[in-house]
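# Close look at the chain arrangement
If you want the building blocks of each chain, they are given just below.
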Amino acid sequence: MQRKKKAGYTCASNESNFAGHIWDRLDVNGHMGAMACVVVPSFWANHQEQGDWQILARWIHEHLPYSTLYFFPTYWAFNIGWHESPKKSIKSYAEPAGTFTP
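Residues numbered from 1 in each chain as written. Predicted model: local features only at pLDDT ≥ 70, side-chain atom pairs only at ≥ 80, totals over all residues. Heavy atoms only, no water.

### Observations concerning the packing of aromatic side chains
Applicable threshold: Only Phe, Tyr and Trp rings take part, Trp by its six-membered ring, and two of them pair if their centres are within 6.5 Å. Stacked means planes under 30 degrees apart, edge-to-face means over 60, and tilted covers everything else. To qualify as a helix, a DSSP run of H or I must reach at least 4 residues; to qualify as a strand, a run of E must reach at least 2; elements of each kind are numbered from the N terminus.
Inspection of every chain in the model, using the stated rule, returns 6 aromatic pairs. Note on W44 and Y75: the rings are 5.5 Å apart at their centroids and 80° apart in plane angle, and the pair reads as edge-to-face. Taken together, the residues W44 in helix α1 (residues 41–46) and Y75 in the loop between β2 (68–71) and β3 (78–83) connect sequence positions 31 residues apart. Between W53 and F71, the aromatic rings sit 5.1 Å apart at their centres with planes inclined by 35°, giving tilted as the arrangement.

### Overview of unusual backbone geometry
The bulk of non-glycine residues show a negative phi, and the bulk of peptide bonds are trans. Note that the residue after E95, namely P96, is joined by a cis bond; omega there is -5°. Positive phi, close to 55°, is recorded for W76, a residue that is not glycine. Locating W76 in the fold gives a position in the loop between β2 and β3.

Shown next, in the form of structure tokens:
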């Protein structure tokens, strides 16, 4: 549907998701990776102010191995990616949107 430019289908192509959302396929460089979408209900219950997602992003950055984090405005849901060649990149669609550097 995305290739047909249908509204509401904004995900990246399958090929660009290899070693990410599509964890069982190596990326173009032959690396392995995986991605999960996570919501932490207790965090959302206590941190609903604009920008509070950054508290969670900073904690993950300091305590967990990750390659990429993408935060979303709904419940501060986030995609956390692991990769054999980690980027250590944090981006957000929630305000303040863009790249976050802890």
